[in-house]
Amino acid sequence: MKKIFVAIALAALAIGWTCPRVSAQDQDNLSPAEHKRLFREGAKLWPIYCNTCHNARPGSEKAPYEWNLIIMHMRTLANFPQQDTDAILEYLKSR
Amino acid sequence: MRQMREERKRDREEIRSLEGKVRQLESKDSRVETTTQQLQSTDQKLKETTLELQQTNLKVQTLQTKVDAPIASSQFGDAVQQYLGSHSFTVTGAAGGDFIYDQQSGALDDLHHASQNSFFFDWEPMVLYRPADWILFEGVLSTAFGSSGTGVDLSLADFQIFLNKYMTVVAGLFDQPFGDWYENQSPMWVNRFVTAPLPFGVEPVVPPAELGVQLRGGMQFGALGQDLDYTAWVGNGPSFTSPVLGAIVTSPTAVANSQTNGKSFGGRFRIYPLPVDTEWGRLELGASTYNGKWMNGNWYNSWGVDFNYFIGNLQTRGEWVQSYRQMPMGQAADNRQGWYVQGGYFLTDLNVPFFPDKLNSYVHRLEPLVRYSGVNQRGVSTDDIQAATGAGLGGTQVGLVPDFGINGSPATYAPHAREVALGLDYWIAPSIVWQNELDIELPRAGGVFVSPSGAQTPAGSIPNDRAFLSQFTIGF
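Throughout, a residue's number is its position along its own chain's written sequence, starting from 1. Just so you know, chain letters begin at A and ligand numbers begin at 1, following the order they were written in. Side-chain atom pairs in this predicted model are given and counted only at pLDDT of 80 or more, local residue features only at pLDDT of at least 70, and totals for whole chains, interfaces and linings cover all residues.

### Regarding the overall build of chain B
- Helix and strand assignments follow DSSP, with helices taken as H or I runs no shorter than four residues and strands as E runs no shorter than two, numbered in order from the N terminus. Secondary structure assignment for chain B yields six helices and 19 strands.
- Its C-alpha atoms give chain B a radius of gyration of 42 Å, clearly above 23 Å, the size a compact globule of 476 residues would have.
- Its C-alpha atoms put chain B at 175 × 65 × 55 Å along the principal axes.
- Here exposure depends only on C-beta density: within 10 Å of a residue's C-beta, 20 or more other C-beta atoms make it buried, 12 or fewer make it exposed, and intermediate numbers make it partly exposed, the C-beta atoms being placed from the backbone. The 476 residues of chain B split such that 36% are buried. We compute the radius of gyration over the C-alpha atoms and compare it with the globule rule, which gives 2.2 Å times the number of residues raised to the power 0.38.

### Looking at the sheet that holds strand β14 (residues 379–381) of chain B
All names here are of chain B.
- At least two DSSP bridges between two strands are required for those strands to pair. What the three strands build is an open sheet, ordered β14-β17-β18; its pairing is mixed. Edge positions in the open sheet fall to β14 and β18 (456–458), since each of these has one partner strand only. The sheet shows a mean angle of 30° between the axes of neighbouring strands, direction not considered.
- Where strand β17 (residues 448–450) meets β18, three bridges bridge the pair, whose relative direction is antiparallel. In the sheet register, F449 faces β18, and the bridge partner there is T457. Fitting a line to C-alpha atoms yields each axis, with helices limited to the stretch in contact; the angle taken between N-to-C directions then spans 0 to 180 degrees.

### Considerations on the interface of chain B and chain A
- With C-beta atoms placed from the backbone, a contact is any residue pair whose C-beta atoms sit within 7 Å. On the chain A side, the residues contacting the 40 residues of chain B number 35 residues.
- Top contributing element to the side of chain B that touches chain A by residue count: strand β6 (residues 209–220) of chain B, with six residues.
- Each residue gets one label: Ala, Val, Leu, Ile, Met, Phe, Trp, Tyr, Cys and Pro are nonpolar, Asp, Glu, Lys and Arg are charged, and the others, such as Gly, are polar. Considering only residue class, the side of chain B that touches chain A consists of 13 nonpolar, 17 polar and ten charged.

### Considerations on the confidence of the model for chain A
- For every residue, the predictor states its confidence as a pLDDT score lying anywhere from 0 to 100. Confidence along chain A averages 82 in pLDDT terms, with 71% of residues attaining 70 or more.
- The spread of mean pLDDT over the elements of chain A runs between helix α2 (residues 24–28) of chain A, the lowest at 57, and helix α4 (residues 64–78) of chain A, the highest at 95.

### Focus on the packing of helix α3 (residues 32–51) of chain A against helix α5 (residues 82–94) of chain A
Residue and element names in this part refer to chain A.
- Relative to each other, α3 and α5 sit at 95°, their axes nearing to 7 Å. Between α3 and α5, the interaxial angle falls into the category roughly perpendicular. For the pair formed by α3 and α5, the contact residues are H35, L38, F39, E41, G42, A43, L45, W46 and Y49 on the first element and D84, D86, A87, I88, E90, Y91 and S94 on the second.
- Of the residues contributing to the contact of α3 with α5, the split by class is nine nonpolar, three polar and four charged. In these notes the angle categories are as follows: under 35 degrees is roughly parallel, over 145 is roughly antiparallel, 65 to 115 is roughly perpendicular, and the rest is oblique.

### A short note on the pairing of strand β8 (residues 264–272) of chain B
All names here are of chain B.
- The two faces of β8 differ: S264, G266, R268, R270 and Y272 on one face are buried, but F265, G267, F269 and I271 on the other face are not.
- Pairing geometry for strand β7 (residues 227–235) and β8, over nine bridges, is antiparallel. Paired with D227 across the strands is Y272, a residue of β8.
- Strand direction decides the pairing type here: β8 and strand β9 (residues 282–294), joined by eight bridges, are antiparallel. Residue pairing for β9: G267 is matched across the bridge by T289.

### Focus: α4 of chain A
- The span one expects for a helix is its residue count, reduced by one, times 1.5 Å. Along its 15 residues, α4 of chain A runs 20 Å from first to last C-alpha, staying within 8% of the 21 Å computed at 1.5 Å per residue.
- Directly beyond the C-terminal end of α4 of chain A, a positive phi value near 55° is found at N79 of chain A.

### Overview of the nonpolar core
- Counting residues in hydrophobic clusters, the biggest one holds 45 residues, and the most contacted among them are V206, F240, V380, Y413, A414, A417 and V450 of chain B.
- Elements supplying a minimum of two residues to this core: α3 (181–185), β9, β12 (334–345), β17 and β19 (466–475) of chain B.
- Once residues lying within four places of it in the same chain are set aside, the contact partners of V380 of chain B are E203, G246, I385, Y413, A414, P415, G447, F449 and V450 of chain B.
- One nonpolar core equals one set of buried Ala, Val, Leu, Ile, Met, Phe, Trp, Tyr and Cys residues connected by C-beta atoms within 7 Å. Of all hydrophobic cores here, the second largest spans 21 residues; its members include I71, F80 and A87 of chain A together with L136 of chain B.

### Focus: the packing of α4 of chain A against α5 of chain A
All names here are of chain A.
- Where α4 contacts α5, the axes come no closer than 10 Å and their chain directions differ by 150°. Classed by the angle they form, the pair α4 and α5 counts as roughly antiparallel. Relative to α5, the crossing made by α4 is right-handed. Where α4 abuts α5, its residues P64, W67, I71 and R75 lie against T85, I88, L89, L92 and K93. Take the far helix as your reference; a near helix turned counterclockwise from it by less than a right angle gives a left-handed crossing, and one turned clockwise gives a right-handed crossing.

What follows is the structure, given as structure tokens:
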């Protein structure tokens with residue numbers, strides 16, 4: 001049982017580590033049209049996703065660099081899909 | 001002849017004189033040429049200097065234009081970020097102060113009781129540190145001035161490593177990923193009530209936290225908003241205060257102090273079936289498990305289901321939790337169930353006709369709430385009740401007392417506790433709230449009290465207590 005567990009865990013980590021990562025730098029290199037698309041999507045998701053657990057807080061409450069950290073914390077906590085996390089971050093940072 | 005010689009002499013002198021004049025003229029011409037060249041060179045330099053001056057003027061004008069123009073926020077942000085460095089850091093969390101009035105209607109069997117009122121304060125800073133865009137450190141300290149004076153506890157401390165779009169590893173001390181309560185609803189500014197629902201309060205049915213490793217992630221399976229997510233983990237738990245019926249699960253600190261070979265593991269799966277564009281609201285359905293061995297060989301198995309639905313101003317949520325604990329020395333299994341269901345409605349759109357606008361603007365900030373929660377278990381440990389409420393000098397039982405977010409009613413420690421909580425929140429800002437809660441403990445008989453030696457005595461009826469809690473909270 002333990003061996004199966006360890007094997008599954010190691011396999012999952014190996015798959016995870018070798019898959020391409022998505023970083024914040026990728027978002028900085030997006031085209032203006034892509035930024036607009038993310039903003040529109042973020043504006044739809046922000047009131048829904050945030051209000052699922054707590055009141056949605058406006059982007060102006062925090063500095064953009066702080067949202068970079070908080071969105072990582074929220075992505076883990078709520079298990080947001082990556083593309084939705086990017087959209088909400090775009091919306092929050094536009095303030 | 002002589003005359004001719006004199007003429008020749010004069011001619012020679014004249015020639016010499018003329019040659020001298022010619023030399024003088026040649027010398028003067030050379031100087032004129034030199035001066036002309038110098039003048040030309042100076043003129044060239046003057047032209048170059050004039051050009052440089054023009055260029056400098058142009059640059060000054062450009063800079064002046066830039067200085068006069070307002071700086072773009074993105075440029076400012078980039079500059080600040082460059083100044084601060086690539087590692088970033090921030091502090092969030094929450095702070096709150098509350099007043100609790102607890103009217104204890106009767107003793108829980110022979111335990112001392114007394115109605116009381118007290119103020120409490122709690123501050124829970126959360127540190128987020130981001131060394132790179134694929135890793136985050138998160139730490140939460142819980143500092144409180146409560147019934148036993150000031151205290152500091154480590155609530156959370158973990159690394160979050162973002163492997164890819166679908167996988168995140170969390171390693172360290174983390175809230176139990178079981179249902180929604182511990183991870184998502186327990187922060188004081190997120191919880192709509194002051195207290196926790198009974199299955200997650202003073203007698204938790206599942207452990208509140210774990211020391212271990214998680215693998216988690218989420219993905220979209222349909223339209224925007226149709227998501228599913230998973231969490232799988234292994235950890236050090238579970239652990240109980242004693243090997244008797246009704247003993248409560250302990251914190252990860254206690255688990256760390258009583259290391260055993262019985263590790264724990266579990267998983268949670270949640271689905272959000274409603275697309276955002278349909279405007280049908282947000283529905284979450286979840287299922288969780290927790291399994292592990294305690295005292296090296298006895299199984300503790302639990303499972304739970306939860307839901308959360310909100311649309312417009314209405315929000316509802318609920319959870320059901322079931323646990324089975326294998327007991328040592330041939331005792332019958334310790335089985336427990338717990339549940340809660342709650343609902344709240346923001347009065348944002350309510351305009352009372354005869355109220356002035358100013359008064360209606362206050363009404364719009366109100367959120368009335370109701371919650372029903374309960375726990376079923378055959379017995380509770382009297383040792384746990386005393387430990388939960390503290391003992392005075394010489395070991396004298398000082399009574400069941402409130403603490404920050406705990407109403408202190410004896411009824412909440414009973415084997416078959418039932419509670420109706422009525423709430424009225426006044427939202428000053430999205431994360432600043434004044435919360436008011438009235439707890440009504442419902443009488444219900446049954447169960448046993450278990451002494452530290454394991455002796456069981458029938459428990460009397462649950463006291464019909466009342467408590468009022470008022471709390472001001474800021475999430476930051």
